[in-house]
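So you can see what is in the structure, the chains are spelled out below.
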Amino acid sequence: MLKAGIVGLPNVGKSSLFNALTAQGAPSENYPFCTVEPNVGTVEVPDARLDRVFELSGAAERIPTVVQFVDIAGLVEGASEGEGLGNRFLGNIREVDAIVHVLRCFEDPDITHVSGGVDPVRDRDVVNTELAMADLDAVERRLDRVRKKARTGEADAVKELAVVTRLHEALSEGRPARGVEVSREERGLIRDLQLLTAKPVLYMANTGEDDLPSGENGHVEALRRALAEEEPEAGLVIVCSAIESELAELDREERQAFLEDLGLEEPGLHRLIRATYDLLGLITFFTAGEKEARAWTVRRGARAPEAAGAIHSDFERGFIRAETVGYDDFVRVGSLKAARDEGVMRSEGKEYTVADGDIMLFRFNV
């Protein structure tokens, strides 16, 4: 299962966010390094399409797809040199597939800020610098080793030297590894480096209750400007973790009433989960039958046999075809039978690229 790591400086709201996400009760006391070992939680991906598929199919059970979040210890300046819980932090974050970087964008004199004042742009730079310095150290060590091998003329070493040199140049200039063009073959040669700045990143602005419903304030505006100038490809989601913590404790009806009072259509966490799911390069397809209506996860660009394999390895091994109907067509006609009768159910082969929202029925033989 793919994991997204929640990172940031101490006391920016990471653990409160994680608690609201997973309702697992991770400690969130007001002091640095409260989170020492990473907390891991599996979270349902909110998707109204599954509710509709479940309703129309008359299935007995509704089973959503999920994404896993890891709450990682707060990082401080100097972490790449072992300050705070630096080594443990960096080790934990190497294990995740994407980063959700929480930035404090609210004022509260009762909550200590490790740097003395609220400045999300500075905080972003502190964390990004520490990650880049850790990567630069790893790349420099690799560069020394691979140069020696490349002198012997070893083919893989020569290829590896080329990509490691490009990474070293970028990191030395303060640019993240994810901005360096790397081929599939080269990616295999450096996979074990587990570079931190190669991971996709989503920024989450943690705002105050007084900033709702938009969540906008001066700190968010400054952060948005900095991202537009320096990381235009990065996503930004605005969430108030204090409100999300309260919402997590309410039942469905109370939650909806509270949201309406705040002028919100849905919890901010729903936007965050969907944005993280998208950041991980994932899409959803559905299966529907008498027993269950279920959402499944595959990487964007997956072919039909790979989607079949998400259900069971035998499905992929013995794949024959996938009877497929798009979500909009399925909702319009109302059932898989009607989709067949009206000719909107397609028979797709091994080369078919799965589209987000497809309803699929696999034919296989092993």
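Above this note sits the structure.
Residues numbered from 1 in each chain as written. Predicted model: local features only at pLDDT ≥ 70, side-chain atom pairs only at ≥ 80, totals over all residues. Heavy atoms only, no water.

This part takes up the nonpolar core. Core analysis: the largest hydrophobic core is formed by 47 residues, its most contacted members being Leu17, Leu21, Phe69, Ile93 and Leu272. Ignoring sequence-local partners within four residues, the contact set of Phe69 consists of Ala4, Ile6, Phe18, Leu21, Asn39, Val40, Gly41, Val43, Val100, Ile273 and Thr276. Counting residues in hydrophobic clusters, the runner-up holds 18 residues, among them Ala170, Leu171, Ala177 and Ile190. (Core = buried A, V, L, I, M, F, W, Y, C linked by side-chain atoms within 4.5 Å. Buried < 20%, exposed > 50% of the residue type's maximum accessible area, 1.4 Å probe, protein only. Contact = heavy atoms within 4.5 Å.)

Once that is clear, we can look at the sheet that holds strand E7 (residues 235-239). In spatial order, the strands read E2-E4-E1-E5-E6-E7; together these six strands make up an open sheet with mixed pairing. Only two strands of the sheet have a single partner each, and these edge strands are strand E2 (39-44) and E7. Recorded for the sheet is a direction-independent mean angle of 25 degrees between the axes of neighbouring strands. Across four bridges, strand E1 (residues 3-7) lies against strand E5 (residues 98-104) in parallel orientation. When the bridges of E5 are listed, Gly5 appears paired with Ile99. Its contacts with the sheet place helix H1 (residues 14-22) against E1, E2, strand E4 (66-71), E5 and strand E6 (201-206), and it is angled at close to 45 degrees to E2. Contacts between helix H7 (residues 218-230) and the sheet are confined to E5, E6 and E7, with E7 contributing the most and set at about 170 degrees to the helix. (Pairing = 2+ DSSP bridges. Helix = DSSP H or I, 4+ residues; strand = E, 2+ residues; numbered from the N terminus. Axes fitted to C-alpha atoms, helices over the stretch in contact; angles between N-to-C directions.)

Right, let's get into unusual backbone geometry. Each neighbour pair has its own omega, and for Leu212 with Pro213 the value is 10 degrees, a cis peptide bond. Relative to the helices and strands, Pro213 resides in the loop between E6 and H7. In the Ramachandran plot, Asn11 falls in the positive-phi region, its phi being about 60 degrees despite a non-glycine side chain. Positive phi outside glycine occurs at Gln194, with the angle close to 45 degrees. Overall, Gln194 belongs to the partly exposed group, its relative accessible area being 32%.

Running from N to C, helix H8 (residues 241-248) and helix H9 (residues 252-262) point in directions that differ by 150 degrees, and their axes come no closer than 9 Å. Taken together, H8 and H9 sit at an angle that is classed as roughly antiparallel. When you trace H8 past H9, the crossing you get is right-handed. Each of Ile243, Glu246 and Leu247 in H8 lies in contact with H9, whose residues at this interface are Arg255, Phe258, Leu259 and Leu262. Grouping the constituent residues of the contact of H8 with H9 by class yields five nonpolar, no polar and two charged. (Parallel < 35°, antiparallel > 145°, perpendicular 65-115°, else oblique. Left-handed = near helix turned anticlockwise from the far one by under 90°. Nonpolar A, V, L, I, M, F, W, Y, C, P; charged D, E, K, R; others polar.)

Right, let's get into the environment of Tyr327. Structurally, the position occupied by Tyr327 is in helix H13 (residues 327-333). Ignoring anything within four residues of it in the chain, the contact list for Tyr327 reads Arg49, Arg52, Val53, Gly357 and Ile359.

Pairing between side chains becomes possible if they bear opposite charge and their charged atoms approach one another. Going through the model one piece at a time under the given rule, you end up with 31 salt bridges. Between Glu55 and Arg52 there is a salt bridge, with its nearest N and O atoms 3.0 Å apart. Of this pair, Glu55 and Arg52 are both found in helix H2 (residues 48-57), three residues apart, which corresponds to roughly one turn of the helix. For Glu55, a relative accessible area of 55% gives the class exposed. (Salt bridge = Lys/Arg side-chain N within 4 Å of Asp/Glu carboxyl O.)

This part is about H7. Taking 1.5 Å of rise per residue, 13 residues should cover 18 Å, and H7 covers 18 Å from first to last C-alpha, within 8% of that figure. Residues His219, Val220, Leu223, Ala226 and Leu227 constitute the buried set of H7. For H7, the angular spread of buried residues about the axis comes to 125 degrees, placing them on one side. Of the exposed residues in H7, those oriented more than 90 degrees away from the buried face are Arg225, Ala228 and Glu229. Close packing links the buried residues of H7 with E5, helix H4 (120-150), E6 and E7. (Expected span 1.5 Å × (residues − 1). Arc of directions from axis to C-beta.)

Our focus in this paragraph is the environment of Ala98. Within the element layout of this structure, Ala98 appears in strand E5. Placed 78 residues apart in sequence, Ala98 and Ala20 show a C-alpha to C-alpha distance of 19 Å. Those residues within four positions of Ala98 in sequence are excluded, and the remaining contacts are Lys3, Ala4, Gly5, Lys199, Pro200, Leu279 and Leu280.

Roughly 960 Å³ of volume is contained in the largest pocket. Lining the largest pocket are 24 residues; nearest its centre among them are Asp97, Arg187, Ala198, Lys199 and Pro200. In terms of residue class, the lining of the largest pocket is built from 12 nonpolar, two polar and 10 charged. Roughly 810 Å³ of internal volume is contained in the second largest pocket. In terms of residue class, the lining of the second largest pocket is made up of 12 nonpolar, four polar and 10 charged. (1 Å grid on protein atoms, 1.4 Å probe; cavity = no way out; pocket = protein on both sides within 12 Å on 5 of 7 lines; lining within 4 Å. Points joined across faces, edges and corners; volume = space filled by probe spheres on them.)

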